[in-house]
Amino acid sequence: MIDQPRTTVFVNAVQVAACTGPVRQTEDADPAAVYAGAAVAVHDGRIAAVGAEADVLLEFADAVRVDCAGGVLTPGFVDSHTHAVFGRYRTDEYALRCTGVPYMEIARRGGGINASVRDLRARSEDELVEMALPRLNDMLRCGTTTAEAKSGYGLSTADEIKTLRAIRRLNELQPIELIPTFLGGHEVPPEYKEDRGAYVDLLVSEMIPAVAEAGLARFCDVFMEPGVFDRAETERILRAGLAHGLRPKLHADELEGSGGAELGAELGAASVDHLGDISEAGISALAASSTVATLLPATLFFLGRPRWAPGRALIDAGATVALATDFNPGSSPTPNMHFVLTAACSRMGFSPHEALRAATAGGAAALELSDGRGTLAVGTPADLVLWRAQSAEEIPYRLAAPIVEGVWKAGEQVA
């Protein structure tokens, strides 16, 4: 006899945030689509109903009940920008920054991204998998159920493929679904410092075709920033990725304006990320496009940047906005999306409901996920987080407090 998939109903939630509303909070529009007195039914890993508790219980009278004990139920976070597969943390650089040494000066001394490159190249694929597992568990316990994971600390064909293979293996070993991104254009490695063009040639002619042929990535990303890759180099790399079926993404306009937002919109990129120094023209370009503006407030906080990305201006202009951790060993060593929501509200002008939507449905849009991920609606994946809170607005208010009560992936409790 084949066991039938069970139905579960989440009851006694003070609020259910479906996150199906518009990007912008208005008097009559709620981005988080918060319901009181609602229940959520789950069947075979997907949402079967969201509605008044009495109605849902009547429809699913024989279902197993999960008591939310007066907490808040939300979709799982979709963290759409991470570098979660790496070797060691760069705590030595943090100590230097605390004494006033700038990030770019540390990089000039041999630190920064290339320090992680040297470290990752010395490690095996097995070691990268082993080191990533506890970090991903930390992400899960903070409420993340889907995350992008970039390469970008290998910067050679063999080491980039090693990283992406580790990401593929990690999808089989833990609950968070990882969406792989090729980031060979993260930095110019030391051996090519005197011949940047040769490294771009390598990316275009060897690395991208090898990654695409092996089916190891969904996106191709480039760090377009003064001192890293310029517009012409970035466009050449991203167009090569497109030719091999890899959708474009950009790190751009982070520390200095570079026109990356405009290029991303022009190329129809899935997202342009960072945007700490985006121009007015860049805001307008993203607002007029389908490209998502992904903001990374934890990075700006950790680097001590005086300016924050103009989240309010992007939302008011009509851009689709996502929030993500940028979890990495140098500039944002946090897996905590909860903190990201707080920073977005306190420093970027988001309302709590806008921040919650940007961290769920917004992240799914930045990863071009079309299955309803990041929302609670009939037919969408049953990725859920239960919060020990009295309202959805209390989640960012509680400033990274440990208030996650439970996490479900495809209807199964995983944390």
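Because the structure is predicted, anything quoted here is derived from the model rather than measured.

Novice: Lay out the sheet that holds strand S15 (residues 321-323) with the relevant residues and their values.
Specialist: On the basis of which strands lie adjacent, the open sheet formed by eight strands has the order S8-S9-S10-S11-S12-S13-S14-S15 and parallel pairing. Across the chains shown, the open sheet's two edge strands, defined by having one partner strand only, are strand S8 (77-79) and S15. Neighbour to neighbour, the strand axes of the sheet diverge by 25° on average, direction disregarded. Strands strand S10 (177-185) and strand S11 (219-224) of the sheet are contacted by helix H7 (residues 196-213), whose axis makes an angle of about 150° with S10.

Novice: Before we move on, can you summarise the UniProt feature "binding site: Zn(2+)" (unreviewed entry) in the protein chain with the specific residues and values?
Specialist: Per the UniProt record, the feature "binding site: Zn(2+)" (unreviewed entry) sits at His81, His83, His251 and Asp326. Taken together, the annotated residues stretch across 246 residues yet fold into one region, lying no more than 12.2 Å apart by C-alpha. Considering the arrangement of structural elements, one finds His83 in the loop between S8 and helix H2 (91-98). Filtering out sequence-adjacent residues up to four positions away, His83 remains in contact with Lys150, Ser151, Tyr153, Leu183, His186, His251, Asp326, Phe327 and Asn328. On the secondary structure map, Asp326 appears in the loop between S15 and helix H13 (337-347). What makes Asp326 buried here is its relative accessible area of 2%.

Novice: So what's going on with the packing of aromatic side chains? Which residues, and what values?
Specialist: Per the stated rule, a full pass over the model turns up seven aromatic pairs. Between the aromatic rings of Phe86 and Phe327, the centroid separation amounts to 5.8 Å while the plane-to-plane angle is 80°, which identifies the pairing as edge-to-face. With Phe86 in the loop between S8 and H2 and Phe327 in the loop between S15 and H13, this pair connects stretches of sequence that are 241 residues apart. Classification of Phe86 as buried rests on a relative accessible area of 1%. Both rings, one in Tyr94 and one in Phe302, keep their centres 4.8 Å apart while their planes meet at 15°; by these two values the pair is stacked. Of this pair, Tyr94 sits in helix H2 while Phe302 sits in helix H11 (residues 297-302), and the two are 208 residues apart along the sequence. Positioned above the aromatic ring of Phe86, the side-chain terminus of Arg135 is 3.7 Å from the ring centre. Residue placement shows Arg196 over the ring face of Phe229; its charged tip is 5.7 Å from the ring centre.

Novice: Can you explain the pattern of salt bridges? Please cite residues and give values.
Specialist: Evaluated as defined, the whole model comprises 29 salt bridges. Residue Glu148 pairs with Lys150 through a salt bridge whose shortest N-O separation is 2.5 Å. Lys150 carries the same exposure label as Glu148, and that label is buried. The shortest N-O distance in the salt bridge between Lys193 and Glu187 comes to 3.6 Å.

Novice: Which residues make up unusual backbone geometry, and what values do they have?
Specialist: Although it is not a glycine, Asp253 adopts a positive phi angle of roughly 55°. You can see Asp253 is positioned in the loop between strand S12 (247-252) and helix H9 (260-267). Judged by relative accessible area, which is 1%, Asp253 ranks as buried. With a phi angle near 60°, Asp326 is a residue other than glycine that sits in the positive phi range.

Novice: Describe in detail the domain arrangement of the protein chain, supporting the description with residues and values.
Specialist: With domains assigned, the protein chain is organised as domain 1 (7-76 + 375-413) and domain 2 (77-366). Once you take the C-alpha centre of each, domain 1 and domain 2 turn out to be 29 Å apart. Each side of the interface is counted separately: domain 1 has 31 residues, and domain 2 has 30 residues. Around 2,300 Å² of area is buried between domain 1 and domain 2 when both sides are counted, 66% of it from carbon and sulfur atoms. Area buried by domain 1 at its contact with domain 2 is led by Val23, Pro396 and Lys409, which between them contribute 27% of it. Run the count over domain 1 and domain 2 and you get one salt bridge. Put simply, Asp316 and Arg24 hold a salt bridge, and the shortest N to O gap is 3.4 Å. The tally of links between domain 1 and domain 2 comes to eleven residue pairs in polar contact (both at pLDDT 80 or more). Looking at the side of domain 1 that touches domain 2 residue by residue, the classes come out as 20 nonpolar, five polar and six charged.

Rules used throughout
Residues numbered from 1 in each chain as written. Predicted model: local features only at pLDDT ≥ 70, side-chain atom pairs only at ≥ 80, totals over all residues. Heavy atoms only, no water. Pairing = 2+ DSSP bridges. Helix = DSSP H or I, 4+ residues; strand = E, 2+ residues; numbered from the N terminus. Axes fitted to C-alpha atoms, helices over the stretch in contact; angles between N-to-C directions. Contact = heavy atoms within 4.5 Å. UniProt positions renumbered as here; feature names shortened; annotations may be inferred. Buried < 20%, exposed > 50% of the residue type's maximum accessible area, 1.4 Å probe, protein only. Phe/Tyr/Trp six-rings, centres within 6.5 Å; stacked < 30°, edge-to-face > 60°. Lys NZ or Arg CZ within 6 Å of the ring centre and 35° of its normal. Salt bridge = Lys/Arg side-chain N within 4 Å of Asp/Glu carboxyl O. Domains from an automatic or database assignment. Buried area = accessible area lost by both parts, 1.4 Å probe. Polar contact = N/O pair within 3.5 Å; in protein donor to acceptor, adjacent residues only side chain to side chain. Nonpolar A, V, L, I, M, F, W, Y, C, P; charged D, E, K, R; others polar.

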